[in-house]
Amino acid sequence: MLVQPHLFIPGPTNVPDVVRRAMDIPMEDMRSPEFPKFTLPIFEDLKKVFKMKDGRVFIYPSSGTGAWEAAMTNTLAVGDKVLMSRFGQFSLLWVDMAERLGLNVVLCDEEWGTGVPLEKYADILAKDTAHEIKAVFATHNETATGVSSNIGGVRKALDAAKHPALLMVDGVSSVGSLDMRMGEWGVDCCVSGSQKGFMLPTGLGILAVSQKALDANKTLNGRMNRCFFSFEDMIKTNDLGYFPYTPATTLIRGLRASLNLIEHEGLENIFARHHRMGAAVRSAIDAWGLKLVAKEPKWHSDTVSAIQVPDGVDAINVLKTAYYRYNTSLGTGLNKLNGRVFRIGHLGALDEVMIGGVLFAVEMALLDNGVKLKAGSGTGAAAEYFRSTTKKSASQAS
Ligand SMILES: *Cc1c(COP(=O)(O)O)cnc(C)c1O
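Residues numbered from 1 in each chain as written. Predicted model: local features only at pLDDT ≥ 70, side-chain atom pairs only at ≥ 80, totals over all residues. Heavy atoms only, no water.

Further remarks concern the environment of Glu 28. Within the element layout of this structure, Glu 28 appears in the loop between helix H1 (17-22) and helix H2 (35-50). Taking the C-alpha atoms as reference points, Glu 28 and Leu 259, separated by 231 residues in sequence, lie 20 Å from one another. Of the polar contacts made by the side chain of Glu 28, one reaches the side chain of Arg 253; its length is 2.7 Å. (Helix = DSSP H or I, 4+ residues; strand = E, 2+ residues; numbered from the N terminus. Polar contact = N/O pair within 3.5 Å; in protein donor to acceptor, adjacent residues only side chain to side chain.)

For the rest of this paragraph, the subject is the side chain of Asp 170. For Asp 170, the position within the fold is in strand E8 (residues 166-170). Here Asp 170 occupies a buried position and makes no salt bridge, while the nearest side chain of opposite charge, Lys 196, is found at 7.1 Å. At 3.1 Å, the side chain of Asp 170 and the side chain of Trp 68 are in polar contact. (Buried < 20%, exposed > 50% of the residue type's maximum accessible area, 1.4 Å probe, protein only. Lys, Arg positive; Asp, Glu negative; His and termini not counted. Salt bridge = Lys/Arg side-chain N within 4 Å of Asp/Glu carboxyl O.)

A few words now on the site of the ligand. Taken together, Ser 63, Gly 64, Thr 65, Trp 68, Phe 90, Asn 141, Thr 143, Asp 170, Val 172, Ser 173, Gln 195 and Lys 196 make up the full set of residues adjacent to the ligand. Within the side chain of Ser 63, an N or O atom sits 2.5 Å from an oxygen atom of the ligand. Lys 196 places a side-chain nitrogen or oxygen 2.6 Å from an oxygen atom of the ligand. Its free accessible area being 380 Å², the ligand has 89% of it covered by the protein chains. Element by element, the count of residues in the shell around the ligand is highest for helix H3 (residues 64-75), at three residues. (Near = heavy atom within 4 Å. Areas by Shrake-Rupley, 256 points an atom, 1.4 Å probe, with all protein chains shown as cover.)

Right, let's talk about the nonpolar core for a bit. Counting 84 residues, the largest nonpolar core has Phe 50, Phe 198, Leu 207 and Leu 255 as its most contacted members. At seven residues, the largest contribution of residues to this core is made by H2. Formed jointly, this core draws a minimum of three residues from each of two domains, domain 1 (6-10 + 266-397) and domain 2 (18-263). Ignoring sequence-local partners within four residues, the contact set of Phe 50 consists of Val 57, Val 175, Met 180, Arg 181, Met 182, Cys 190, Ser 192, Phe 198, Ile 206 and Ala 208. (Core = buried A, V, L, I, M, F, W, Y, C linked by side-chain atoms within 4.5 Å. Domains from an automatic or database assignment. Contact = heavy atoms within 4.5 Å.)

What follows is about the sheet that holds strand E9 (residues 189-193). Strands belonging to one sheet form pairs held by backbone hydrogen bonds; the direction of such a pair is parallel or antiparallel. Taking strand neighbours across the sheet as the criterion, the seven strands line up as E2-E10-E9-E8-E5-E3-E4 in an open arrangement whose pairing is mixed. Whereas interior strands pair on both sides, the edge strands pair on one side only; in this sheet they are strand E2 (56-60) and strand E4 (104-109). For this sheet, the mean angle separating the axes of adjacent strands, direction not counted, is 20 degrees. Here helix H9 (residues 231-238) sits on the sheet and contacts E2 and strand E10 (205-209); the angle it forms with E2, its principal contact strand, is near 100 degrees. (Pairing = 2+ DSSP bridges. Axes fitted to C-alpha atoms, helices over the stretch in contact; angles between N-to-C directions.)

Listed below in structure tokens is the structure:
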């Protein structure tokens, strides 16, 4: 193949060369006396990415779904009441998992294209004076609909009700790309995975846990069964720099390289870069006269845009055209959005020129499928946006 397919799905994301090379290594002894010198700093550096004030981070050889399960089974008991909301395929699956694990879900079913309903949450929490609700769940970035929610607002709702419930956040498509302030927002479990903001292959479930959630794990009555995901087993060995079973050493070598990249660019610069990429994509969508699934600007996601095709156009054909004719992978419309929506993932190792590239491919694929738009309208709008927001210092750098 002359040119790799251009990957613009919202995970797995592009793996930077330096990260890929860091993983092209011989297998190593995960019980060697040298191994902790490698692992212990990784746990510490991960805490910075989550902006934690206390607690610890677990690294499981699983995808993000495993970290979802770890968060629930280690901090809750069967029959516990939990507050959740559902407004896209990922929040839907998390609710499904909670129900299958035997949690008693108080569910806010929201329109797809909206996010965590802060007022409803505040109302439900204020009325729960007996504190029967043990945990409140929020999907920070709903990848299926391109909707970001206000996690600080969920903390405010909990505080206003003086409610002690744990705050559980799905940050799989936000951590490392959008600001996650676990300490400031009092997030107790934040779920992430390797293949999105961390710019790695799939295979690590990364779970950040506050001290409060670790303590809940100790005192729990009627605790859930857990084995592979047990915090206790992890803590015993992690404290010494080891794992209770074979860790995915190669991926963790890649994680080291990706954490170095994140530190080098700086978290705030990374968030600003993602905001520019998201805004440029949205300017193109506007110029094409198309609509996002996200209903209002406050829901706009800087890591993924879910775009509605006009009536009479099949989004699946747009995806196929992009794939076969323009060597470009876009995200599909998940669940009830299938055929009506395609998604552009704009997170991870991307820059302006790459965003220009995917918009070019999308523009052509839309035209090929009969969408009435002017060639160059979206790419032009994005170019203008990028040029008008480029820092002088950057444009003058030699
Ligand atoms: C990708 C994703 C998941 C699922 O993670 P897997 O690694 O596929 O198990 C969960 N939540 C959100 C918001 C995601 O984007």
